[in-house]
Amino acid sequence: MAFEFITQALRTQASDALLRTRAISHGAINFCANDYLGLSTHPEVIAAWQRGANEYGVGSGGSALVSGYSHAHAALEDKLADITGYESSLLFNSGYSANQALIKALLNKNDLLIQDKLNHASLIEAGMYSPATMKRFKHNDCVHLAQLLEQYRATHTNSLVVTEGVFSMDGDMADLQGVSQQCKAHDSWLLVDDAHGFGVLPQGQNSLNQHGSLARDVDLYMATFGKAVGVSGAFVAASKEVIDYLVNFSKPYIYSTAMPSAMALCIDKALTIMMAETWRVTHLNQLISYFKQQCFLRNIPLMPSDTAIQPLLIGDACKAVYISQLLANHGLLVKAIRPPTVPVGTSRLRITLSANHSVADIDLLLTHLKGALDSTKRDTL
Ligand SMILES: *Cc1c(COP(=O)(O)O)cnc(C)c1O
């Protein structure tokens, strides 16, 4: 029988408590979305999409190089270059394809790719398919990064180091200063995937200017519109030459229908609001502090994170799913994150906070979180 592995793989997944199913989310208070600023439901953002659809239609009608590129795309690219401090930027339909595009277009057989161990699947997978030599350094460990660069850099033509700005499953921040120093010392370029940093960090709203402007030291910056911006899609910011190179040689860019112009307009509006309504970032960061403090007082052991991603390590996949179900019974949506998204034995509740939450929402979560944790403790006694 052909493709027998399909049945077997699904069976194993289920017996390991790792089966993925898609629950239709409705009505619950969502504590696992990436809509950190609550912009996905902002009336002006919605109106911008509607206006865009009236003006441009709903689809772009083609790839950017044929006929799919409009004023809306060009204006958005300019705005992103301005916001991030780079010469140029380029839109992609998703962060997944932007990451694949960068690694495919930039690295060849004699090149070196060094990634943080906890980088997103889109980066690790691109590296595995790349003809370049890929090495991974221990999470956030610049000493290990330096060792790898010393060991492998000299025997490779070009070298690219990749890290996330804010790590998607742990919520901690990269030591960008340290990483960029190593890159400079070893003639290596640096790519930062800032999917979870863009728009939300308290100082300057992204990982580059969180600790003073780093745009000069980070050669390639990637962020998505599906997280804090509240929409969908992604962009790469870099020098004009790198962007021109991608436009000419990146297949995921060239052979893909451009994002709808209406969506580009809507993203543009979301960015304007993101920068004007600074209370969103302020409120979000107040909620983060409050949640962390209250968890501490209640002996709820969160992982060390100062960002909107506040994971609670459970360990066992089955137990994580069980706690998630207990919370769902109280109208609280907190999904269990299990391997291979996170390493084996580190299943967790990835709790995310949003500017749309109120202190009362957080209090409700705290109460039922504590209750669920205590009840599972009793069950195992
Ligand atoms: C979400 C995410 C991506 C993928 O972006 P999409 O636009 O959702 O495809 C890439 N990198 C990181 C770190 C992410 O969290």
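Cut-off values and rules
- Residues numbered from 1 in each chain as written.
- Predicted model: local features only at pLDDT ≥ 70, side-chain atom pairs only at ≥ 80, totals over all residues.
- Heavy atoms only, no water.
- Domains from an automatic or database assignment.
- Contact = heavy atoms within 4.5 Å.
- Buried area = accessible area lost by both parts, 1.4 Å probe.
- Salt bridge = Lys/Arg side-chain N within 4 Å of Asp/Glu carboxyl O.
- Polar contact = N/O pair within 3.5 Å; in protein donor to acceptor, adjacent residues only side chain to side chain.
- 1 Å grid on protein atoms, 1.4 Å probe; cavity = no way out; pocket = protein on both sides within 12 Å on 5 of 7 lines; lining within 4 Å.
- Points joined across faces, edges and corners; volume = space filled by probe spheres on them.
- Helix = DSSP H or I, 4+ residues; strand = E, 2+ residues; numbered from the N terminus.
- Nonpolar A, V, L, I, M, F, W, Y, C, P; charged D, E, K, R; others polar.
- Expected span 1.5 Å × (residues − 1).
- Buried < 20%, exposed > 50% of the residue type's maximum accessible area, 1.4 Å probe, protein only.
- Arc of directions from axis to C-beta.
- Near = heavy atom within 4 Å.
- Areas by Shrake-Rupley, 256 points an atom, 1.4 Å probe, with all protein chains shown as cover.
- Pairing = 2+ DSSP bridges.

**Looking at the domain arrangement of the protein chain**
Argument step 1. Domain boundaries assigned for the protein chain yield domain 1 (43-275) and domain 2 (278-380).
Argument step 2. In this structure, domain 1 and domain 2 have C-alpha centres spaced 28 Å apart.
Argument step 3. Taken together, the contacts link 16 residues of domain 1 with 17 residues of domain 2.
Argument step 4. Between domain 1 and domain 2, a total of about 1,200 Å² is buried, with carbon and sulfur atoms accounting for 63% of that surface.
Argument step 5. Across the contact surface, domain 1 and domain 2 share 1 salt bridge.
Argument step 6. When the shortest N-O distance is used, the salt bridge between aspartate 170 and arginine 348 registers 2.7 Å.
Argument step 7. The interface formed by domain 1 and domain 2 includes 6 residue pairs in polar contact (both at pLDDT 80 or more).

**Observations concerning the layout of surface pockets**
Argument step 1. Roughly 510 Å³ of volume is contained in the largest pocket.
Argument step 2. Around the largest pocket sit 18 residues that line it, and Leu19, Thr21, Lys335, Ala336 and Arg338 are the ones nearest its centre.
Argument step 3. Top contributing element to the lining of the largest pocket by residue count: helix H12 (residues 317-329), with 4 residues.
Argument step 4. The class makeup of the residues in the lining of the largest pocket is 10 nonpolar, 4 polar and 4 charged.
Argument step 5. In this structure, the second largest pocket occupies an estimated 410 Å³ of space.
Argument step 6. Forming the boundary of the second largest pocket are 15 residues, of which Asn119, Ala121, Pro340, Thr341 and Val342 lie nearest the centre.
Argument step 7. Considered class by class, the residues forming the lining of the second largest pocket number 8 nonpolar, 4 polar and 3 charged.

**Topic: H12**
Argument step 1. Relative to the 18 Å expected for 13 residues at 1.5 Å per residue, H12 spans 19 Å between its end C-alpha atoms, a close match to the ideal helical length.
Argument step 2. Among the residues of H12, Ala317, Ala320, Ile323, Ser324 and Leu327 are the ones counted as buried. Buried residues along H12 cover an arc of 130° about the axis, so they all sit on one side.
Argument step 3. Between the side-chain oxygen at the start of H12 and the backbone nitrogen of cysteine 318 there is a gap of 3.4 Å, and the oxygen is on aspartate 316.
Argument step 4. Where H12 ends, the next residue or the one after it, glycine 331, has phi of about 75°, a positive value.

**Here we look at the site of the ligand**
Argument step 1. Around the ligand, the structure places 14 residues, and the nearest of them are Gly95, Tyr96, Asp193, His196 and Lys227.
Argument step 2. One of the side-chain nitrogen or oxygen atoms of aspartate 193 is found 2.6 Å away from a nitrogen atom of the ligand.
Argument step 3. Across the complex, the protein chains shield 82% of the 370 Å² of accessible surface that the ligand would expose by itself.
Argument step 4. At 3 residues, helix H4 (residues 95-106) tops the list of elements feeding residues into the shell around the ligand.
Argument step 5. By residue class, the composition of the shell around the ligand is 2 nonpolar, 9 polar and 3 charged.

**Here's the deal with the pairing of strand E3 (residues 112-116)**
Argument step 1. In terms of burial, E3 is largely enclosed, as 5 of its 5 residues are buried.
Argument step 2. Pairing geometry for E3 and strand E4 (residues 133-137), over 5 bridges, is parallel. The residue of E4 that forms the bridge with isoleucine 114 is lysine 135.

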